[in-house]
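Understanding the architecture of this molecule
Read off the chains here:
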Amino acid sequence: LVTCAHDRNAYVWKYVTEKKVIKGGNVSYQKEDKWKADLVILRINRAATAVKWSPSGSKFAVTSGAKVVPICYYVEEHKWWTCNTIKKHKSTVLDVAWCPNSKFVVTGATDYKCRIISAFKAELDSSEDDGFGAIFPKQHKFGEVLAEFDQAKAWVQSVAWSPSSYRLAFTGHGSTIHLVQIVADGAPVVTTIRASGLPYIGVEFLSDKAVVAVGYDQNPHLYTASDASGAEPVWKFEGNVDKEVKKKKRALGSFSGARAMFEAKSHRGQAANEANKKATVHQNVICGILPLENATMMTYGLDGIVAFWNMKNQGFDDKSLMAKD
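Our subject in this report is the structure included herewith.

Cut-offs applied
Residues numbered from 1 in each chain as written. Predicted model: local features only at pLDDT ≥ 70, side-chain atom pairs only at ≥ 80, totals over all residues. Heavy atoms only, no water. Core = buried A, V, L, I, M, F, W, Y, C linked by side-chain atoms within 4.5 Å. Buried < 20%, exposed > 50% of the residue type's maximum accessible area, 1.4 Å probe, protein only. Helix = DSSP H or I, 4+ residues; strand = E, 2+ residues; numbered from the N terminus. Phe/Tyr/Trp six-rings, centres within 6.5 Å; stacked < 30°, edge-to-face > 60°. Polar contact = N/O pair within 3.5 Å; in protein donor to acceptor, adjacent residues only side chain to side chain. Contact = heavy atoms within 4.5 Å.

1. Side note on unusual backbone geometry
Despite not being glycine, Ser 102 shows a phi value in the positive range, around 65 degrees. In the Ramachandran plot, Lys 153 falls in the positive-phi region, its phi being about 55 degrees despite a non-glycine side chain.

2. As for the nonpolar core
In terms of nonpolar packing, the biggest core is built from 20 residues, with Ile 116 and Phe 136 touching the most fellow members. Where this core is concerned, the elements lending two or more residues are strand S9 (104–109), strand S10 (114–118), strand S11 (145–149), strand S12 (156–161) and strand S13 (167–172).

3. With respect to the packing of aromatic side chains
Scanning all chains against the criterion turns up 14 aromatic pairs. With a centroid separation of 5.8 Å and an interplanar angle of 5 degrees, the aromatic rings of Phe 132 and Phe 136 are classed as stacked. No difference in accessibility class separates Phe 132 from Phe 136, as the two residues are buried. Put simply, the rings of Phe 104, Phe 132, Phe 136, Trp 161 and Tyr 166 touch in pairs and so form one group of aromatic residues.

4. Digging into the side chain of His 221
With respect to the helices and strands, His 221 occurs in strand S18 (residues 221–225). Within polar-contact distance, the side chain of His 221 engages the side chain of Tyr 200 at 2.6 Å. If we ignore the near neighbours within four places in the chain, the residues touching His 221 are Tyr 200, Val 211, Val 212, Ala 213, Phe 237, Gly 239 and Asn 240.

Spelled out as structure tokens, the structure:
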């Protein structure tokens with residue numbers, strides 16, 4: 001696994017079960033159960049903000065406050081991790097996502113832009129055309145900006161790439177979500193939807209026609225497309241994933257109500273504002289999403305909760321969400 005932090009460093013962690021011991025010319029192996037960290041040379045002078053492995057597992061991208069995105073890979077000859085740097089941003093880069101072919105990244109930055117950039121490495125990636133040759137003629141030029149989107153008009157907080165590679169999603173701090181359709185015979189088509197609540201800081205595709213966004217509203221929001229493969233999909237807000245089922249309260253008189261409140265505080269340690277607790281699973285900002293199989297996912301937030309969601313159990317048509325037509 002890989003981690004990064006505001007200390008401007010990234011580490012690749014590997015679980016080691018044994019270590020090699022050379023003593024007196026003899027080689028032996030001793031049992032050793034621990035995580036071993038390898039420092040990655042990022043060459044940045046500001047905090048690292050996010051890190052993502054490529055689908056191929058041969059490289060990863062790190063976003064940073066230094067306006068750059070290091071693309072890191074392992075050099076077997078020298079036994080260390082190194083990187084090549086993308087320098088096309090004008091401010092802090094907040095998020096990054098990989099194309100399923102591991103050749104491109106999409107980034108979101110505080111310069112109000114979302115960009116598709118080539119992260120192609122000849123020694124790691126296949127040079128065969130996988131359908132993007134006509135769309136992005138400079139796809140094999142590392143660091144080349146292949147497309148740029150400014151529809152957010154605010155910080156681009158999160159980005160995601162669909163399983164088919166031809167759709168993107170990004171969210172803006174102005175409570176907007178933008179769905180991009182990459183087409184072969186023209187400029188990408190962008191659909192903008194303004195959310196009614198607070199901004200999103202995380203977005204992921206469950207399938208090519210289902211997108212989930214999370215953030216300050218403490219409730220995952222589901223967006224769906226009219227189809228999974230068309231060039232002109234119609235996107236809409238499908239609904240809240242968390243249905244916020246509120247518990248029914250027993251009507252109490254003034255005296256009995258005061259007595260019940262006192263007992264709750266003294267016997268169960270409940271605070272006076274317990275009645276104002278939200279009826280959602282998450283009680284604080286939701287930070288991110290992990291898509292799983294068969295219309296399921298996990299979310300995690302600042303409240304310390306990791307929640308598992310099954311779309312069918314939440315009242316959505318799971319077969320329709322995962323359909324490929």
